[in-house]
Amino acid sequence: MFKQTSTVFNQEVIVIYKDPSCVGNKALFILVNAKVDNYFRNLLTRTTGFGDKALLLLQKQCASNNMIDKNHFHFVFTNLRMLSSETATHFLRRFIIGRNQAELAGNSYDDIQLVDFLLSAMSSVTNQAYMTNLSVFQMKRDDNQAVTSQVQKLALMQPLPRHRGTSPK
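Since we're looking at a predicted model, the values are computed, not measured.

How each quantity is defined
- Each residue is numbered by its place in its chain's sequence as written, counting from 1.
- Side-chain atom pairs in this predicted model are given and counted only at pLDDT of 80 or more, local residue features only at pLDDT of at least 70, and totals for whole chains, interfaces and linings cover all residues.
- Processing note: side-chain calculations cover all non-hydrogen atoms of the structure and skip hydrogens and water entirely.
- Here a strand is any run of E in DSSP of at least two residues, a helix any run of H or I of at least four, and the numbering for each starts at the N terminus.
- Burial classification: accessible surface area is computed with a 1.4 Å probe over protein chains only, and a residue below 20% of its type maximum counts as buried, one above 50% as exposed, and the rest as partly exposed.
- The contact definition used throughout considers only heavy atoms, calling two residues in contact when any of these lie within 4.5 Å.
- The protein chains shown are the only cover counted for residues, whose accessible areas, like all others here, come from Shrake-Rupley with a 1.4 Å probe.

J.: What exactly am I supposed to notice about the overall build of the chain here?
T.: A count of helical and extended segments in the chain gives 9 helices and 2 strands. Beginning at the N terminus, the succession of helices and strands in the chain can be written as α-β-β-α-α-α-α-α-α-α-α. Counting the 169 residues in the chain, one finds 32% classified as buried. The contacts of the chain with a sequence gap of at least 6 include a subset with a gap of at least 24, amounting to 51%. Approximately 11,600 Å² of the chain is accessible, and the part contributed by carbon and sulfur atoms is 57%.

What follows is the structure, given as structure tokens:
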């Protein structure tokens with residue numbers, strides 16, 4: 001980040017420049033204008049070239065987060081289901097994206113909840129390898145053994161070990 005524009009970003013709060021006509025503020029406006037679509041570009045013409053004001057306007061227009069959004073993304077995340085033709089890699093990608101969206105909306109989940117959501121989402125799979133892994137994790141959960149979501153994700157990605165004497169199909 002450029003030192004001229006770094007003072008305007010403070011976590012999720014936008015800090016107004018003391019001198020609105022400074023170079024950093026104008027550069028920020030050009031950057032923001034280059035990254036938005038035509039609708040928002042037209043909307044930003046109201047800010048008359050000030051980057052901090054443009055960011056405030058964008059935040060007000062499209063970054064408001066309310067309880068409806070929070071509940072919506074929680075519902076979407078907790079109701080994810082693995083499709084029968086879906087690979088574990090593809091599903092875990094959707095799961096992580098869903099979790100990130102829910103957390104950005106203000107929800108928070110601990111590892112135990114994440115493991116439970118993942119087990120629930122994959123409960124309808126018909127793939128024998130996934131079913132075996134899910135059974136192992138479910139037994140660990142039933143025995144109150146710690147199963148973090150990271151361990152579970154990695155294990156689901158690994159193929160099951162083959163026993164001696166069995167041939168690949």
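J.: Help me understand the environment of Gly98 in this model?
T.: One can find Gly98 in helix H6 (residues 88-104). A C-alpha to C-alpha distance of 7.6 Å links Gly98 and Phe73, two positions 25 residues apart in sequence.

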